Amino acid sequence: MEGTLVLTNFKNYPQSTLLNAETLLSQFAGIKKPAGIRLVYSVSPIDLGLARMFRDLELFAQHVDHDDPGASTGKITMEGLIDLGVTGSLLNHSENRIGSYAIEQTVVKSKRLGFEAVLCVESAEEAEKYATLKPSYIAYEPPELIGGDVSVSTSKPEIVSDVVSICEKHDVPVLVGAGVKNRNDLVKSLELGARGILIASGIVKSGDPVTSLTSLISS
Ligand code: G3P
C-alpha cells in the first residue's frame, strides 16, 4: 500500500462498462506510471471477469459481500473475487450503502483473506465509528459533491483534515473523493494528509480519459 493511490471508479457509466470497460482498460494499460503512484480501477460488477484479461492492472470491485461461497444468490463473494484476480473493493459507497453489521463482517473477513477494503464514509463521525475496524483505507466522500465540479479538498478542507487525524490514530490511510478533476485537486488532497483520491466522472466522462488520468498523475 505504498505511494499515492489514484482509484478510478468506473461506476455503471455507459462510457466505462461492457465493451467500453475493456477498451478503457486496454488504453489505461499503456499509461506510464510515475514513481510513487499506484493506479487502481474499480469496475462494475458486470465487468469483474475482465480481471482475468488484464492481469497487469489492479482491478477492484465496487462492492463486496461477506457471504461465503454457496447458497448466497446475487452476492459478490470475496473468495470469488480473489479467484478472478480482483484484489480489493470499495465498500459502503454513497451509491451503495450497507449497514454497520455488514461493514464490520466484511472488513473482518477482508483482513483474514488479505483482501483490500476501501471503506467509504460520508462524515468525520462515520470515520470515527469505523476507523477502529482498521480497513485498508477509509475514503471520505461527501455525497452532495459527487459528480460535481467542486472538489472535496476545496469545499471541505477542515473535514478532510479531521478525517485524517481521526484515522491516523488507528493507522488507517485516508482517501478523498467527490468532484476531483485535476492534478491541483490531487495535490491539495495530499497536502491535507490524504494518501490518494477516488475519481469517477473527471476521468470517465471527460471525453479523453487517458489524457485526463495522465495529466492528473504527471507532475
Ligand atoms: O467513488 C468516486 C466517486 O463517488 C466520485 O465521483 O464523479 O465526483 O469523481 P466523481
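Residues numbered from 1 in each chain as written. Predicted model: local features only at pLDDT ≥ 70, side-chain atom pairs only at ≥ 80, totals over all residues. Heavy atoms only, no water.

> What am I meant to see in the site of the ligand here?
Taken together, Asn9, Lys11, His93, Glu141, Ile146, Gly147, Ala178, Gly179, Leu198, Ile199, Ala200 and Ser201 are the residues near the ligand. Between the ligand and Gly179, the relevant distance is 2.9 Å, taken from an oxygen atom to a main-chain nitrogen or oxygen of the residue. For the ligand, whose accessible area on its own is 310 Å², the fraction buried by protein is 100%. A molecule is said to occupy a pocket when more than half its atoms come within 2 Å of that pocket's grid points, and by this definition the ligand occupies the largest cavity. Tallied by class, the residues present in the shell around the ligand amount to 5 nonpolar, 5 polar and 2 charged. (Near = heavy atom within 4 Å. Polar contact = N/O pair within 3.5 Å; in protein donor to acceptor, adjacent residues only side chain to side chain. Areas by Shrake-Rupley, 256 points an atom, 1.4 Å probe, with all protein chains shown as cover. 1 Å grid on protein atoms, 1.4 Å probe; cavity = no way out; pocket = protein on both sides within 12 Å on 5 of 7 lines; lining within 4 Å. Sits in = over half its atoms within 2 Å of the grid points. Nonpolar A, V, L, I, M, F, W, Y, C, P; charged D, E, K, R; others polar.)

> Would you mind going over the layout of surface pockets with me for this structure?
Gaps between atoms show up when a probe of the same size as a water molecule is rolled over them. By volume, the largest pocket amounts to about 180 Å³. Across the lining of the largest pocket, the residue classes break down as 2 nonpolar, 6 polar and 2 charged. (Points joined across faces, edges and corners; volume = space filled by probe spheres on them.)

> For this particular structure, what's the right way to read the environment of Val86?
You can see Val86 is positioned in the loop between α2 (78–84) and β4 (88–91). Spatially, the C-alpha atoms of Val86 and Gly148 are 29 Å apart, while their sequence positions differ by 62 residues. Here Val86 is in contact with Leu48, Ala51, Leu59, Phe60, Ala61, Leu81 and Phe115, once residues within four sequence places are set aside. (Helix = DSSP H or I, 4+ residues; strand = E, 2+ residues; numbered from the N terminus. Contact = heavy atoms within 4.5 Å.)

> Is there a simple way to explain the packing of aromatic side chains in this structure?
When we look at a pair of aromatic rings, we describe it by the centre distance and by the angle of the planes. Applying the stated rule across the entire model yields 3 aromatic pairs. Taken together, a centroid distance of 6.2 Å and an interplanar angle of 65° make the contact between Phe10 and Phe28 edge-to-face. Highlighted residues: Phe10 in the loop between β1 (4–9) and α1 (19–28) and Phe28 in helix α1, separated in sequence by 18 residues. Each of the two residues, Phe10 as well as Phe28, counts as buried. On the numbers, 5.0 Å between centres and 10° between planes, the contact of Phe28 with Tyr41 is stacked. Here the residue Phe28 occupies a position in helix α1, and Tyr41 occupies one in strand β2 (residues 37–42), the gap between them amounting to 13 residues. Neither Phe28 nor Tyr41 differs from the other in exposure class; each is buried. By way of ring pairs, the aromatic residues Phe10, Phe28 and Tyr41 are connected into one cluster. (Phe/Tyr/Trp six-rings, centres within 6.5 Å; stacked < 30°, edge-to-face > 60°. Buried < 20%, exposed > 50% of the residue type's maximum accessible area, 1.4 Å probe, protein only.)

> Just to check I follow, could you spell out the sheet that holds β2 for this structure?
Read around the barrel, 8 strands follow the order β1-β2-β3-β4-β5-β6-β7-β8 and close on themselves; strand pairing throughout is parallel. For this sheet the average axis-to-axis angle between neighbouring strands, irrespective of direction, equals 25°. One ladder, built from 3 bridges, connects strand β6 (residues 137–140) with strand β7 (residues 174–177); its direction is parallel. The residue bridging Tyr140 from the neighbouring strand is Val176, located in β7. On top of the sheet, helix α7 (residues 183–191) reaches β1, β7 and β8 (196–199); it is set at about 135° to β8, its chief contact. (Pairing = 2+ DSSP bridges. Axes fitted to C-alpha atoms, helices over the stretch in contact; angles between N-to-C directions.)

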